Amino acid sequence: MNEVTPPISPTPEKPIIEIRNFNFAYGSTQALFDISMDIGEKEVTALIGPSGCGKSTFLRCFNRMNDLIDNTRIPSGEIKISGVDIYNRDVDVIELRKHVGMVFQKSNPFPKSIYDNIAYGLRIQGIKRKSQLDSVVEECLRGAALWDEVKDRLSESALGMSGGQQQRLCIARALAVKPEIILMDEPCSALDPVATAKVEELIHGLKKDYTIVIVTHNMQQAARLSDRTAFFYLGKLIEYGPTEQIFMNPENPKTEAYVSGRFG
Amino acid sequence: MSEDLQASEQSGVRFTRRKNVLFGKDRDSIIKGFFGSSATVAIVVLGLITIFLFKEGAGFLGSYHKSLQEYRLSGLEYVDILKEPRDDFSALNRYLTDIRAEWIQSLKAQGLTKKEMSAIVTAPEAKALFLRYLRTGSQLRGFIKKKMDAAIEVRDRFITNENLRETVNNYTAEIEAVSQTDYDPEAEERSRHALRLKQYLRENTLPEAVSQRTTEVIAGLEGEAPFGEAARTLILKLLQEQSEETRRAIQPVDFNKSIAVITGDQASYATILTKMKADIHTLLDQADAIAFNNPALEKRVERFGELNEQFLASFPKHKAKLAVWDQNEAIPPWRALVAFLTGKDWVTASDQQDWYGLLPLLSGSLLISLIALLFAVPFGVGAAIYVNQIAGPLERNLIKPYVEFVSAIPSVVIGFFGVVVFGEAIRLLSQFEFMAWVPFFPLQERLNAFTAGGLLALMAIPTIFTLAEDAINNIPRHFKEASFAVGATRLQTTLRVIVPSALSGIISAIMLGFGRVIGETMVVLLCAGTRIKIPDFTDGLGVFFQPVHTMTGIIAQEMGEVVRGSVHYRALFMVGIVLFFVSLLINFGAQWVVKKYRRVGD
């Protein structure tokens, strides 16, 4: 990179997600403890940490995906997205999820055609016009760098695609409802290096239009992709800061131990 | 080496030989053998059932073909053609009776007294129509009755002869056996001989010497004495005598000669028909004089006249049919199968001709299954979707075991419930005023296809529910999550992602529910009304409320009282074979659906 990037300030200047003293529990087991952080608009924020540290749980709090699991509760704290407390009673979860898209660890296209997969998000909103669907499908597939590969077989089953293609299709499907924020839960963990590179490239490209929060196990990936990195351990946020700082000069010895590969 | 062994013993690591537990087998191979043999036994039993079913059913085609041939040779078929106008005439009579009843009703509605009514109804012109109409057919009925009796007599004599011939053959075989010099009867045969001789002694007055000798032989046969020459001679003589007597009883039947009695009298038959035509015309002309003062009734009477004209116009066609009938026309062997598969009547133990037609039973079975599935599919699949997708854990833990518990109720209990409660409730409900808008209410029959179908639905719901719930449960969770993540509601997710993905499983659940329903016996036997007749599909939805009989029901009902080896017995096995194929087809269909539409979940 030729251009000189200005050093990133320790806290995001334009936070889109604000988390304050957030606690989360599965039944009587508390999973997240007193987390406070800000996530910047149109930045890539990586959540890292060893297995079971609560980073995925945390990610799924942003679009209230945890609502699907019985017996979950939030003892205290709040999450604000664009200034709105998303756990407020008045918040429409359906509307929230349209704003906060999600891509899962395992690629999960529906057992439908490629076209129908992307159009799904629009159709459930009641959009039926063919021309509108067509243009959105093309736009999203282009956005997910998939158009050239699949434009001739849009009506074929999405399950016939390769793993990497399926994952990019899932990203395209998430783009179709025009979210502001995209949550990614280890999107590359099931992909081979070539497919991973393509997805990473795609994420890099999406950064200018979307706020991305990505959970990853892959330290290099976090270093490559993200602007900021948060390190979680046993349900607690240990350290949060510009990616460079977390990887080069972490303040907390646990962070240092983790990023240098001594545990995890 | 011994040091090595010692070392290994000391360290506790040692490889021992496998221990034999039983008959030189170790535990693993015994377990393997147990499961292997279980599978083998299951397959062998299934094979035996199939073989037995086909063995017993196979003879049907031959016997039924023979019966159909006798039906034609004896002239019964001819008589059945003769009967056609009589049946039409009876239908016309019923129509006329209906008109009369309606007339009386309408008179009653006008507020006339009994006396006035009877004066109108028994007026000469009314009497002429309503009472004399039936009489116009009496000659025809008498003629047909005579012919029918003749045909039945011929057919029965023929069958008796066949039986007698078989008896003679048995005698011949026995004589053959007894005349062998090394004949040494078993205890059973000895007592049979003794019995026969005793009877002979009792029924005939014999000279003292013969009687004496016979008594001795009987004593010998009943004791341990060897089978001697005296016994042989006596028994042979007796057998020959009886055989001869049976042979004499056979009065040969010549179908070609006996048919003359039945097909003769063409001239008088023609006269009868002509006279009937004239009589009916006269009657109808007189009927114009009756004043009904009711447009609807007049219309019906007019229609009655038209129907009569149609009936009379069919005579020439009917005569032509009689003319081309040929007693000696051969019946091809496949006719028996066609007659079975497409037969519209199931008539047994009749003095005329027994018919074994599948259609009334098949249509009954299918009708009941249709009704059952009409209820069970929405309820079963709906409950499965609800329990899996919408219900909370508390509801789920309550509903699931309860629905599944229904399948534990014995079918006879459900059938009993159907007879005593459900059927009665439906009939009572149908009699309420506010239910009168349903076209076929009020119901006359408490037991009908609807009662049975409704209860079978109850039995099919657990099957469909459980299997459909499994199918929905097998849909990977991440489909659901993906749908929610793009902002779908619960309902949208269920209808657009979950159900389409689980469709193959749901369809196969429905197919297996269908299999359960069509194979169910007890409920249909108790609740379906057991009327062996093809349901009248022209009745629209009313067809659901007709009593029917089913394939399973008829087997259960009649198997107990048939003569082993008879046509009837074999016909029931044929029904069993059809049932077997239907079930097989359903199972294959279910498997095919699962294979064809299986989605790759992961």
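Residues numbered from 1 in each chain as written. Chains lettered and ligands numbered in written order. Predicted model: local features only at pLDDT ≥ 70, side-chain atom pairs only at ≥ 80, totals over all residues. Heavy atoms only, no water.

Considering the overall build of chain B
Inference 1: Along the backbone of chain B there are 23 helices and 2 strands.
Inference 2: Rg of the C-alpha trace for chain B: 36 Å, well past the compact-globule value of 25 Å for 602 residues, more than 25% over.
Inference 3: Dimensions of chain B, computed from the C-alpha atoms along their principal axes, are close to 120 × 95 × 45 Å.
Inference 4: Within chain B, the fraction of its 602 residues that count as buried is 41%. (Helix = DSSP H or I, 4+ residues; strand = E, 2+ residues; numbered from the N terminus. Rg over C-alpha atoms; globule rule 2.2 N^0.38 Å. Buried < 20%, exposed > 50% of the residue type's maximum accessible area, 1.4 Å probe, protein only.)

Description of the interface of chain A and chain B
Inference 1: Across the boundary between the two partners, chain A contributes 26 residues, which contact 21 residues of chain B.
Inference 2: For the pair chain A and chain B, the two sides together bury roughly 2,000 Å², of which 64% comes from carbon and sulfur.
Inference 3: By the criterion of area lost to chain B, the three top residues of chain A are Pro111(A), Tyr120(A) and Ile124(A), representing 27% of everything that side buries.
Inference 4: Two residues, Arg60(A) and Glu481(B), come together in a salt bridge whose shortest N-O distance is 2.7 Å.
Inference 5: Our count for the contact surface shared by chain A and chain B stands at 5 residue pairs in polar contact (both at pLDDT 80 or more).
Inference 6: Elements supplying a minimum of two residues to the side of chain A that touches chain B: α2 (93-99), β7 (100-103), α3 (114-123) and α6 (163-176) of chain A.
Inference 7: Residues belonging to the side of chain A that touches chain B are distributed by class as follows: 15 nonpolar, 3 polar and 8 charged. (Contact = heavy atoms within 4.5 Å. Buried area = accessible area lost by both parts, 1.4 Å probe. Salt bridge = Lys/Arg side-chain N within 4 Å of Asp/Glu carboxyl O. Polar contact = N/O pair within 3.5 Å; in protein donor to acceptor, adjacent residues only side chain to side chain. Nonpolar A, V, L, I, M, F, W, Y, C, P; charged D, E, K, R; others polar.)

Quick look at the nonpolar core
Inference 1: Core analysis: the largest hydrophobic core is formed by 91 residues, its most contacted members being Ile17(A), Ile19(A), Met37(A), Leu47(A), Phe58(A), Phe62(A) and Ile79(A).
Inference 2: Looking at this core, the element that brings in the most residues is helix α18 (residues 449-473) of chain B, giving 14 residues.
Inference 3: In this structure Phe58(A) touches Ile19(A), Phe22(A), Leu32(A), Ile35(A), Met37(A), Leu47(A) and Phe232(A), once residues within four positions along its chain are discounted. (Core = buried A, V, L, I, M, F, W, Y, C linked by side-chain atoms within 4.5 Å.)

Considerations on the packing of aromatic side chains
Geometry of an aromatic ring pair is reported as the spacing of the ring centres plus the angle between the planes.
Inference 1: Within the structure shown, the criterion is met by 28 aromatic pairs over all chains.
Inference 2: Ring geometry for Phe60(B) versus Phe340(B): centroids 5.2 Å apart, planes at 65°, classification edge-to-face. With Phe60(B) in helix α2 (residues 27-73) and Phe340(B) in helix α14 (residues 334-342), this pair connects stretches of sequence that are 280 residues apart.
Inference 3: Ring-pair connections join several aromatic residues into one group, and the members of that group are Phe89(B), Tyr95(B), Tyr133(B), Phe304(B), Phe311(B) and Phe315(B).
Inference 4: For Lys236(A), the ring lying beneath its charged end belongs to Phe33(A), and the centroid distance is 5.1 Å. (Phe/Tyr/Trp six-rings, centres within 6.5 Å; stacked < 30°, edge-to-face > 60°. Lys NZ or Arg CZ within 6 Å of the ring centre and 35° of its normal.)

Notes on the packing of helix α3 (residues 76-109) of chain B against helix α12 (residues 295-313) of chain B
All names here are of chain B.
Inference 1: Between α3 and α12, the shortest axis-to-axis distance is 11 Å and the interhelical angle comes to 170°. When the axes of α3 and α12 are compared, the pair comes out roughly antiparallel. Of the residues in α12, those touching α3 at Pro85, Asp88, Phe89, Leu92, Tyr95, Leu96, Asp98, Ile99, Glu102, Trp103 and Ser106 are Leu297, Arg300, Val301, Arg303, Phe304, Leu307, Asn308 and Phe311.
Inference 2: Among the residues forming the contact of α3 with α12, the class breakdown is 12 nonpolar, 2 polar and 5 charged. (Axes fitted to C-alpha atoms, helices over the stretch in contact; angles between N-to-C directions. Parallel < 35°, antiparallel > 145°, perpendicular 65-115°, else oblique.)

Observations regarding helix α17 (residues 411-430) of chain B
Inference 1: Of all the bends in α17(B), the greatest measures close to 50° and is centred on Gly418(B).
Inference 2: Listed in full, the buried residues belonging to α17(B) are Ile414(B), Gly415(B), Gly418(B), Val419(B), Gly423(B), Ile426(B) and Ser430(B). (Bend = angle between axes of the 7 residues up to and from the residue.)

Regarding the environment of Trp103(B)
Residues and elements named next belong to chain B.
Inference 1: If you trace the backbone, Trp103 turns up in helix α3.
Inference 2: Residue Trp103 is classed as buried on the basis of its relative accessible area of 1%.
Inference 3: Measuring from C-alpha to C-alpha, the distance between Trp103 and Val21 comes to 91 Å, with 82 residues separating the pair along the chain.
Inference 4: Setting aside residues up to four positions removed in sequence, Trp103 forms contacts with Ile120, Val121, Ala126, Phe130, Ile290, Ala291, Phe292 and Leu297.

So, the pairing of strand β2 (residues 29-40) of chain A
Residue and element names in this part refer to chain A.
Inference 1: Pairing geometry for strand β1 (residues 15-26) and β2, over 8 bridges, is antiparallel. The residue bridging Pro15 from the neighbouring strand is Gly40, located in β2.
Inference 2: Turn length for the β1-β2 hairpin, with the two strands adjacent in sequence and antiparallel, is 2 residues, and the turn residue Gly27 shows positive phi of about 60°. (Pairing = 2+ DSSP bridges.)

Here's the deal with the pairing of strand β5 (residues 78-81) of chain A
All names here are of chain A.
Inference 1: Residue alternation in β5 divides its side chains into a buried set, Ile79 and Ile81, and an unburied set, Glu78 and Lys80.
Inference 2: Strand direction decides the pairing type here: β5 and strand β6 (residues 84-85), joined by 2 bridges, are antiparallel. Across the sheet, residue Ile81 finds its bridge partner in β6, namely Val84.
Inference 3: In textbook terms, the turn of a hairpin is the stretch between consecutive antiparallel strands, and for β5 and β6 this stretch comprises 2 residues, one of which, Ser82, has a positive phi near 50°.

What to know about unusual backbone geometry
Residues and elements named next belong to chain A.
Inference 1: Of note, Asn21 is a non-glycine position whose phi angle comes to about 45°, a positive value.
Inference 2: Structurally, Asn21 is set in strand β1.
Inference 3: Its relative accessible area of 40% is what places Asn21 among the partly exposed residues.
Inference 4: Positive phi values are uncommon outside glycine, yet Ser82 reaches one of about 50°.
Inference 5: When you line up the elements, Ser82 lands in the loop between β5 and β6.
Inference 6: What makes Ser82 partly exposed here is its relative accessible area of 48%.

Some thoughts on a nonpolar patch on the surface
Inference 1: Judged by side-chain polarity, Val21(B), Leu22(B), Phe23(B) and Ile30(B) come together as a nonpolar surface patch covering roughly 440 Å² of accessible area.
Inference 2: On the accessibility criterion, Leu22(B) (45% relative accessible area) is partly exposed. (Patch = residues over 30% accessible without salt bridge, like charges linked within 9 Å, V, L, I, M, F, W, Y side chains within 5 Å. Areas by Shrake-Rupley, 256 points an atom, 1.4 Å probe, with all protein chains shown as cover.)

Description of the environment of Leu76(B)
All names here are of chain B.
Inference 1: The topology assignment puts Leu76 in helix α3.
Inference 2: Among the residues examined, Leu76 registers a relative accessible area of 1% and is labelled buried.
Inference 3: Considering only alpha carbons, one finds Leu76 and Gln352, 276 residues apart in sequence, at a separation of 7.4 Å.
Inference 4: Excluding anything up to four places from it in sequence, Leu76 contacts Tyr71, Ala151, Ile152, Arg155, Gln352 and Gln353.

Topic: the domain arrangement of chain B
Residue and element names in this part refer to chain B.
Inference 1: Taken domain by domain, chain B holds domain 1 (3-58), domain 2 (75-184 + 227-320) and domain 3 (362-601).
Inference 2: Between the C-alpha centres of domain 1 and domain 3 the distance comes to 41 Å.
Inference 3: At the interface, 7 residues of domain 1 touch 9 residues of domain 3.
Inference 4: The contact between domain 1 and domain 3 buries some 740 Å² in all, and 74% of this surface belongs to carbon and sulfur atoms.
Inference 5: By the criterion of area lost to domain 3, the three top residues of domain 1 are Leu53, Phe54 and Glu56, representing 65% of everything that side buries.
Inference 6: Here domain 1 and domain 3 share 0 salt bridges between them.
Inference 7: On inspection of domain 1 and its partner domain 3, the count reaches 2 residue pairs in polar contact (both at pLDDT 80 or more).
Inference 8: Considered class by class, the residues forming the side of domain 1 that touches domain 3 number 3 nonpolar, 2 polar and 2 charged. (Domains from an automatic or database assignment.)

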